[in-house]
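Spelled out from the first residue to the last, the chains are:
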Amino acid sequence: MTTSPPSSPLAAAWHYTSLSDEQRATAALEEMTLEEKVAQLVGYWFDKRGAGEVVAPMQDTLGASRPPFDQVAPLGLGHFTRVIGTEPGTVSEVTERLQEKQQLVVDASRLGIPVIAHEECLTGVNSLGATVYPAPLAWGATFDPALARKVGETIGSDLRALGVHQGLSPVLDVVRDYRWGRVEETIGEDPVLVAAVGSAYTSGLEASGLIATLKHFVAYSASASGRNHAPVSAGPREIADVMLVPFEVAVRDSGVRSVMNSYSDIDGVPIAADRALLTGLLRDEWGFTGTVISDYWAIAFLASAHGVAPDAASAGALSLAAGMDVELPNGMCFPPLVEAVRSGEMDEALVDRAVHRVLLQKAQLGLLDENPETHGRVIELDSADNRALARTVAEASIVLLRNDDDLLPLAPEFSGRIAVLGPMAADPRTLLGCYSYPVHVLPRYPQFGLGIEVPSFLDALSAEFPDATVTHEAGASILGPETGNLERAVELAKDADLVILTVGDLPGMFGRGTSGEGCDAVDLALPGSQAALVNAVLDTGASVILVTNSGRPYAFTYGDRVRTAVQSFIPGEEGAGAIVGVLSGRVNPGGKLPVQIPLTTGGGQHLYLGAPLTRTIDKISNQSTSPAFAFGHGLSYTTFSLSPAALATETLDVDGTTTLSVEVKNTGAVTGSETVQVYLSDPVASVARPVQKLVGFSRVSLEPGETAHVSFTISPELSAYTDIEMKRIVEPGELIFSVGTSSDTATDGLSLAVTGKSRIAGHHRMIIAPVDVVVGG
């Protein structure tokens, strides 16, 4: 390591660790030729796949134009795309593979600067044999940001140990249409929940030394009809007050160093070419200083999919000028920038701006040191500690929807006949998210199976209830119309003392599943032939527990025919044990719905967050928007009481703060957790405002008889919104706060009179109400 300038003028100044990272990045930039600069702005993916094997859109077509690596390496390189995660190998093999590629670039290039290695990490390290954690929608169901941070820290630490520098997560898209295939990758439908949990996870990744990547900036989840890559026609107010909020919080609070664009266009402007978003908002207004990286081939799509550029070279120039810094997964549109600069069509300063940002991150990562550490080390990717954390998250995420007859929990010594029906029960793949390695990569390598131990629901149930007689029949298919011997399933139901119906999704990619990227739904009916199974079994009159494990909410159309129901959201490798733990009472459920469960299968309005006209008012329409189960709903095996909530003051200046307090008590016989939720209503404003919006929450675990005093700091800034002149304001008037354990139980209606003059609410306003919890009594 060089700590100060050596005597030789030929020594590389960027090695001097006595200089700031900014100075070192500038020194490296000044040494580069134009070709070397542009090389720092692209990635390289060694993978090639056929049309039936792709894990990224247009991978087979656009990846074919990738130049040979020995032509690329001499100029240096910005990013390695998924060297570890693309092809299976042992930890030793994949770390050696990455080290070998790094050394080739260092040895072949004039400046010898190593490459930033990035990987997917949405549900864990994307490598063979690595722990698969619950999908992000399950994180949302925990309503526990601290737990999400722990997941981020653990995944980040494992990736850094392997020699990886950047992770492509989290997804901060706010759900706007349940039919969208990527709902399972999101944290939920409320921007405050997504912001709190997503920012905490991001903080965990960054605390480990990994560069986190916020995606997909922005409005990807609002694509028309819930179809992947479809245009977005949302208004600027919806984008500002709903979809941008989680990104704003994470940029401000989490230390995040990278952002990835959305594939979509908003009102005709593709994000990859939107200077107002990538530069004006993200950098000039929010102060973001990291790198903006393209989603795979998003820049090329400016020409091929959006039609806003005539060719790849023009697309590259358009995107770079807008604020894009790195083209992934390969260089296709940025390499032609060399000629654009030389011909005078582009200012080299735009190239320098992006290169400096990349080099700054390389300095932060130690890659500009004289002897940079680029090798990984052998670690246990599915350690006991990792599995324990995956189990904790899974258990915290299970939602008990209904228990009307107190059928649950079952006694552990239950010795009756249990008919386990449905296609989810025997297939452990249903527990693993679409971006988990077993689902994302291993279908191409069937010899590895799932690569990790993943008990199926059927395995876990038999272990949980060893005295029971368990029989199983699928009775339906997730992917198609096949019945899976429906007749036998019905007969087993008739003969059983208890029926557990297991239904839901099979995650996959681009139509190879029912949930996940490119697996969008026409409606919210259970996929395949599962609805026929449910109805046929219910017709028998058997005692039924409905267990739904899905990546999106499906319509609960059964009314009182299903009186016991459990919901999980792709709970990972330990998910089966978590679900059956809830059935037996070993786990007291405390999960809450991060999305509503609709009553109808149509693709209409199901979200809780909406202005008055999104609700069914005075029968103005024959189509109800009421859910079967509301946002934030979730039951427990113990009972809780909430004291009447109280505001410390009934009047508050527009610049002031006050306190909202409530006591929650475990009034039952077993330890459990309850999530206190605070909602805000703004009855009169210059634009239509949500009927209610979540502004704060706290999950509290209590012993029987124990009480917690929960205090939220309240500011009028929580009501800030984008007004009719497109300015975000806080204004005087009446605000109504309600407190409950779900959006439909929030009561009290505490009125707060806000006084003073309207003012602009800036980037550092209060978005999530800070909370303090004191347990005792």
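Scroll up a little and you will see the structure.
Residues numbered from 1 in each chain as written. Predicted model: local features only at pLDDT ≥ 70, side-chain atom pairs only at ≥ 80, totals over all residues. Heavy atoms only, no water.

**Student:** Which residues make up helix 15 (residues 348–364), and what values do they have?
**Tutor:** Over its 17 residues, helix 15 runs 24 Å from end to end, which matches the ideal 24 Å to within 8%, given 1.5 Å per residue. Residues of helix 15 that are buried: Val-351, Ala-354, Val-355, His-356, Arg-357, Val-358, Leu-359, Leu-360, Gln-361, Lys-362 and Ala-363. Just past helix 15, the residue Gly-366 takes up positive phi, approximately 85 degrees. (Helix = DSSP H or I, 4+ residues; strand = E, 2+ residues; numbered from the N terminus. Expected span 1.5 Å × (residues − 1). Buried < 20%, exposed > 50% of the residue type's maximum accessible area, 1.4 Å probe, protein only.)

**Student:** Could you give an account of the layout of surface pockets, with specific residues and numbers?
**Tutor:** Reported here for the largest pocket is a volume of approximately 790 Å³. Residue lining of the largest pocket: 44 residues in total, with Arg-176, Glu-238, Val-242, Leu-609 and Gly-610 positioned closest to the centre. Listing elements by their share of the lining of the largest pocket, those giving two or more residues are helix 8 (191–207), helix 9 (236–243) and strand 23 (693–702). Considering every element that reaches the lining of the largest pocket, the biggest residue donor is helix 9, with 4 residues. When the residues that make up the lining of the largest pocket are grouped by side-chain class, the tally is 21 nonpolar, 12 polar and 11 charged. Computed from the structure, the second largest pocket encloses a volume of approximately 460 Å³. Looking at the second largest pocket, it is lined by 21 residues, and the ones nearest its centre are Pro-236, Ile-239, Ala-240, Leu-244 and Leu-277. Those elements that place two or more of their residues in the lining of the second largest pocket are helix 9 and helix 11 (275–285). Within the lining of the second largest pocket, the residues separate by chemical class into 12 nonpolar, 3 polar and 6 charged. (1 Å grid on protein atoms, 1.4 Å probe; cavity = no way out; pocket = protein on both sides within 12 Å on 5 of 7 lines; lining within 4 Å. Points joined across faces, edges and corners; volume = space filled by probe spheres on them. Nonpolar A, V, L, I, M, F, W, Y, C, P; charged D, E, K, R; others polar.)

**Student:** Got a sec to walk through the pattern of salt bridges? Specific residues and values, please.
**Tutor:** Enumeration over the complete set of coordinates arrives at 37 salt bridges. Across the pair Arg-586 and Glu-464 runs a salt bridge, and its minimum N-O distance is 2.9 Å. Of this pair, Arg-586 sits in the loop between helix 21 (575–584) and strand 16 (597–598) while Glu-464 is found in helix 18 (residues 457–464), placing the two residues 122 residues apart along the sequence. Classification of Arg-586 as partly exposed rests on a relative accessible area of 47%. (Salt bridge = Lys/Arg side-chain N within 4 Å of Asp/Glu carboxyl O.)

**Student:** With reference to specific residues and values, describe the nonpolar core.
**Tutor:** Among the nonpolar cores identified, the biggest contains 170 residues, and Phe-217 and Val-218 are the most heavily contacted of them. Ignoring sequence-local partners within four residues, the contact set of Val-218 consists of Ile-239, Met-243, Leu-244, Phe-247, Ser-262, Ile-266, Ile-271 and Leu-277. One finds Leu-431, Val-454, Val-547 and Val-566 within the second-largest nonpolar core, a separate group that totals 35 residues. (Core = buried A, V, L, I, M, F, W, Y, C linked by side-chain atoms within 4.5 Å. Contact = heavy atoms within 4.5 Å.)

**Student:** Help me get a handle on empty space enclosed by the protein, residues and values and all.
**Tutor:** Inspection of every chain in the model, using the stated rule, returns 3 cavities of 30 Å³ or more. Volume-wise, the second largest cavity comes out at about 70 Å³. Along the walls of the second largest cavity sit Leu-401, Leu-526, Leu-546, Thr-548, Tyr-554, Ala-555, Phe-556, Tyr-558, Gln-567 and Ile-597, which together make up its complete lining. Partitioned by chemical class, the residues of the lining of the second largest cavity number 8 nonpolar, 2 polar and no charged.

**Student:** Now, about helix 8: what can you tell me, with residues and values included?
**Tutor:** Helix length check: helix 8 (17 residues) gives 23 Å between terminal C-alpha atoms against 24 Å at 1.5 Å per residue, within 8%. Within helix 8, 16 of the 17 residues are buried, which leaves it mostly tucked inside the rest of the structure. Between the side-chain oxygen of the N-cap and the backbone nitrogen of Val-192 there are 2.8 Å, and the N-cap of helix 8 in question is Asp-190. (Polar contact = N/O pair within 3.5 Å; in protein donor to acceptor, adjacent residues only side chain to side chain.)

**Student:** Please set out the state of the cysteines residue by residue, giving values where relevant.
**Tutor:** Across all of its chains, the model carries 0 disulfides by this definition. Take Cys-121: it sits in no disulfide, and the sulfur closest to it among the cysteines is that of Cys-434, at 13 Å. Free cysteine: Cys-519, not disulfide-bonded; nearest cysteine sulfur from Cys-434 at 7.4 Å. (Disulfide = S-S within 2.5 Å.)

**Student:** Lay out the pairing of strand 11 (residues 417–421) with the relevant residues and their values.
**Tutor:** Burial runs high along strand 11: 4 of the 5 residues are buried. Examined bridge by bridge, strand 11 and strand 12 (residues 469–473) share 5 bridges and lie parallel to one another. Considered in strand 12, the bridge of Ala-419 is made with Thr-471. In this structure, strand 11 lies alongside strand 13 (residues 498–504), joined through 4 bridges in parallel fashion. Bridge assignment links Ala-419 to a residue of strand 13, and that residue is Val-499. (Pairing = 2+ DSSP bridges.)

**Student:** So what's going on with the sheet that holds strand 26 (residues 728–730)? Which residues, and what values?
**Tutor:** On the basis of which strands lie adjacent, the open sheet formed by 3 strands has the order 25-26-29 and antiparallel pairing. Every other strand in the sheet has two partners, leaving strand 25 (721–722) and strand 29 (759–760) as the edge strands with one partner each. The pairing of strand 25 with strand 26 spans 2 bridges and is antiparallel. Pairing of Thr-722 across the sheet is with Arg-728, part of strand 26.

**Student:** Describe the packing of aromatic side chains, and please don't skip the residues or the numbers.
**Tutor:** Evaluation of the coordinates by the stated rule reveals 20 aromatic pairs. Considering the side-chain rings of Phe-46 and Phe-80, the 5.9 Å spacing of their centres and the 40 degrees angle between planes classify their relative orientation as tilted. Here Phe-46 is found in the loop between strand 1 (43–44) and helix 3 (59–62), whereas its partner Phe-80 is found in strand 2 (residues 79–81), with 34 residues between them in sequence. By relative accessible area, which is 0% here, Phe-80 ends up buried. (Phe/Tyr/Trp six-rings, centres within 6.5 Å; stacked < 30°, edge-to-face > 60°.)

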